[in-house]
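Coordinates in review
Read off the chains here:
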Amino acid sequence: MAIALRYSARSHVGLVRQNNQDSAYAGPHLLVVADGMGGHAAGDVASSLAIGELAPLDDESHGPNALQHLRQAVTAAHRELLSRVAEEPKLAGMGTTITALLRSGGKLALAHIGDSRAYLLRDGVMVQITRDHTFVQTLVDEGRLTPEEAEQHPQRSVLMRVLSDVVEDVEPDLSMREARVGDRYLLCSDGLSGVVSFETLQDTMAANDDPATTTDALVKLALRGGAPDNVTCIVADVIEATALGDDSPAVVGAASLQKPGSAPPTSLNGSAAERAAALTAPPAPAPEEPASPRPRRKLAVVRRVVGGIAVIAVLVSGGFAAWQWVQHQYFVGTRGDSVAVYRGLPESVGPIHLRWVHEVAKDVPVSDLPVFAQDKVRRGIAADSRSEAQKIVRNLRQQATDCRAATGSPAASPAPTATSPGTAGPSSPASTASTGSATARPGTTAATATGAASPSSTLGGPAVAVNPQATGADLTSAATPSPAGAGCGGLTP
């Protein structure tokens, strides 16, 4: 039976970000979501480039070669990204995810790299048909974390594979699926799937509303959940070709915006090649303007592999992992009985620690803290930056002072001491990492760990990124203990 698609695409900047780095394309033969990353390194450019390279696939010429054509388009997008970075070094570090469905006859070819997702709703039951290329997903696959624990893990947005300028080769997941009339597909960035629960997504998708109403409802759900990231989604229904399918492509997000100094976009009624050219046309030179101060909330990949940084290669659980020094990740943990600020990640790869003591607050003994705070510090409190880590320590110092005052304990006198970043601390949060190569998507500063070369990589493997909203600390505000030292220093009320 001949099929067609009825679809709708929506994108929203969210409630925290200042610009939209997501892009999406929905046409009669092609659906693509690209989640750009890089903050000041122009994730919006990366996602727009991806859409521009894939948009020309939106036609009926693929036949049995649909998967091959998708792979070639992803490779072309990667080459274009590398070329743009070479021409404009200030774009170094940008990257993007890609999740794409290409219709060929009665089948759908799927290409996927990163942590954007594709879901299929069939007969009222929804399943995720992509696998996140994230650090925590490898822990789930190895049984080290449950899916529920992964949703709350501080490194849940660390990407193991992504389209970026850090690696020379990319290898998307590719698969072919039979399309059935009545199927409904959802493609979305993690700004939706990371905020709205799977059950709510399924209920909304199964509500039998048309695609446009459904995409509107999904975006509203993300906004109600706080929308800390850009929110982008495509909903597409598989219908009989005799029914009235959609034939006008829709471009949303960063790819739909006219760049300063560039020619107006080609009409969406033009050819796919014309649309792609319009989306990726480089801007004309414009006067330099001072950059507006805004936090770097999402860095997907390291700006460059810094010469002189050693790559540690280890073999763990059957996979190769290589981690580069994580310069700009911080967390608050313990060293001995004192609170300490660490650089790096709380995890370890086998016997190798990925953390270094940055500063020890000897005047903040862990034993003087409220019980709930002791537990959090021993597990590690992630921070977006050194200043935030120091703020957490100040608040912990105040909590310790309050506890000592309430219990009549003498005050601790030693002042905080700084420790060389290259010195590994003997005491750290008790958590163990799995193998994996990763590119940090940090919030405020660039922080990336690149992995050991996979079979398709020639630059040492994929890159990783850490999302700021996934690593927030919950002790940035001091919590005063209850009267009479309740909960202080291990005492019970």
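This text follows the structure it describes.
Observations concerning the overall build of the protein
Each helix and strand in the protein was counted, giving ten helices and 20 strands. Counting only residues that meet the buried cut, the protein has 53% of its 493 residues in that class. Carbon and sulfur atoms provide 53% of the accessible area of the protein, an area that totals close to 20000 Å².

Remarks on the packing of helix H1 (residues 43–54) against helix H2 (residues 66–87)
When two helices pack together, you describe them by how their axes are tilted relative to each other and by the distance separating the axes. Two elements in contact, H1 and H2, have axes whose closest approach is 9 Å; the angle formed by their N-to-C orientations is 140°. Comparing their axes, H2 and H1 come out oblique. As H1 packs across H2, the resulting crossing turns out to be right-handed. For the pair H1 and H2, contact is made by Val45, Ala46, Leu49, Ala50, Glu53 and Leu54 and by Leu70, Ala73, Val74, Ala76, Ala77, Glu80, Leu81 and Arg84, respectively. Residue composition of the contact of H1 with H2, by class: eleven nonpolar, no polar and three charged.

Brief notes about the pairing of strand S11 (residues 184–188)
S11 sits mainly inside the fold: five of its five residues count as buried. Residues Arg184, Leu186 and Cys188 point to one face of S11 and Tyr185 and Leu187 to the other, with burial holding for every one of them. Note: strand S7 (residues 117–122) against S11, five bridges, orientation antiparallel. Counted as the bridge partner of Leu120 is Tyr185 from S11. In this sheet, strand S12 (residues 231–240) lies alongside S11 in antiparallel orientation, the contact comprising five bridges. In the sheet register, Arg184 faces S12, and the bridge partner there is Asp237.

Some remarks on the sheet that holds S7
Across the sheet, which stays open at both edges, the five strands sit in the order S1-S12-S11-S7-S8 with antiparallel pairing between neighbours. Only two strands of the sheet have a single neighbouring strand rather than two, namely strand S1 (3–12) and strand S8 (125–128). For this sheet the average axis-to-axis angle between neighbouring strands, irrespective of direction, equals 20°. Strand direction decides the pairing type here: S7 and S8, joined by four bridges, are antiparallel. Residue pairing for S8: Arg122 is matched across the bridge by Val125.

Here's the deal with the side chain of Asp132
By the element assignment, Asp132 lies in the loop between S8 and helix H3 (135–141). For Asp132, the side chain forms a polar contact with the side chain of Gln128, separated by 3.5 Å. Among residues more than four places away in sequence, those in contact with Asp132 are His112, Gly114, Asp115, Ser116, Arg117 and Gln137.

Here we look at the packing of aromatic side chains
All chains considered together, the criterion is met by two aromatic pairs. For the ring pair Phe331 and Tyr342, a centre distance of 5.1 Å and an interplane angle of 5° mean the geometry is stacked. Linking Phe331 in strand S16 (residues 330–335) with Tyr342 in strand S17 (residues 338–349), this pair joins segments that are eleven residues apart in sequence. Take Phe331 and Tyr342: they sit in the same class, and that class is buried.

A closer look at the environment of Ala77
Residue placement: Ala77 occurs in helix H2. Discounting chain neighbours no more than four positions away, the residues touching Ala77 are Ala50, Glu53 and Leu163.

A few points about helix H10 (residues 386–407)
For H10, spanning 22 residues, the distance from its first C-alpha to its last is 31 Å, which sits close to the expected 32 Å at 1.5 Å a residue. Taken together, the buried positions of H10 are Glu388, Ala389, Ile392, Val393, Asn395, Leu396, Gln399, Ala400, Cys403 and Arg404. Downstream of H10 by a residue or two, Gly408 has a phi angle that is positive, lying close to 75°.

A short note on the nonpolar core
Val32, Leu54, Leu70 and Ile98 are the most contacted members of the largest nonpolar core, which has 24 residues in total. In terms of residues, this core owes the most to one element, H2, which gives five residues. Not counting residues within four places of it along the chain, the set of residues in contact with Val32 comprises Ser23, Ala24, Tyr25, Ile51, Leu54, Ile98, Thr99, Ala100, Leu187 and Ile234. Listed in part, the 21 residues of the second largest apolar core include Leu5, Ala9, Ala26 and Leu187.

Remarks on the packing of helix H6 (residues 198–205) against helix H7 (residues 211–224)
Remark: H6 packs on H7, axes separated minimally by 10 Å, with the N-to-C direction vectors making an angle of 155°. When the axis of H6 is compared with that of H7, the two are roughly antiparallel. Between H6 and H7 lies a crossing whose hand is right-handed. Contact residues: H6 offers Thr200, Leu201, Thr204 and Met205, while H7 offers Thr214, Ala217, Leu218 and Leu221. Across the contact of H6 with H7, the residue classes break down as five nonpolar, three polar and no charged.

Regarding H2
Its 22 residues place the ends of H2 31 Å apart at the C-alpha level, agreeing with the 32 Å of an ideal helix rising 1.5 Å per residue. Listing the buried residues of H2 in full gives Ala66, Leu70, Ala73, Val74, Ala76, Ala77, His78, Leu81, Arg84 and Val85.

A closer look at the side chain of Asp165
Structurally, Asp165 is set in the loop between strand S9 (163–164) and strand S10 (173–178). Within the local environment of Asp165, its side chain forms a polar contact with the backbone nitrogen of Gly93, the two atoms lying 3.1 Å apart.

Quick look at the environment of Ser8
Here Ser8 is to be found in strand S1. Here Ser8 falls in the buried class, since its relative accessible area comes to 6%. Among all residues touching Ser8, those that are not within four sequence positions of it are Pro211, Ala212, Thr215, Cys233, Ile234 and Val235. A distance of 3.1 Å separates a polar atom in the side chain of Ser8 from a polar atom in the side chain of Arg10. Within the structure, the side chain of Ser8 is placed 3.1 Å from the side chain of Thr215, a separation counted as a polar contact.

Cut-offs used in this document
Residues numbered from 1 in each chain as written. Predicted model: local features only at pLDDT ≥ 70, side-chain atom pairs only at ≥ 80, totals over all residues. Heavy atoms only, no water. Helix = DSSP H or I, 4+ residues; strand = E, 2+ residues; numbered from the N terminus. Buried < 20%, exposed > 50% of the residue type's maximum accessible area, 1.4 Å probe, protein only. Areas by Shrake-Rupley, 256 points an atom, 1.4 Å probe, with all protein chains shown as cover. Axes fitted to C-alpha atoms, helices over the stretch in contact; angles between N-to-C directions. Parallel < 35°, antiparallel > 145°, perpendicular 65-115°, else oblique. Left-handed = near helix turned anticlockwise from the far one by under 90°. Contact = heavy atoms within 4.5 Å. Nonpolar A, V, L, I, M, F, W, Y, C, P; charged D, E, K, R; others polar. Pairing = 2+ DSSP bridges. Polar contact = N/O pair within 3.5 Å; in protein donor to acceptor, adjacent residues only side chain to side chain. Phe/Tyr/Trp six-rings, centres within 6.5 Å; stacked < 30°, edge-to-face > 60°. Expected span 1.5 Å × (residues − 1). Core = buried A, V, L, I, M, F, W, Y, C linked by side-chain atoms within 4.5 Å.

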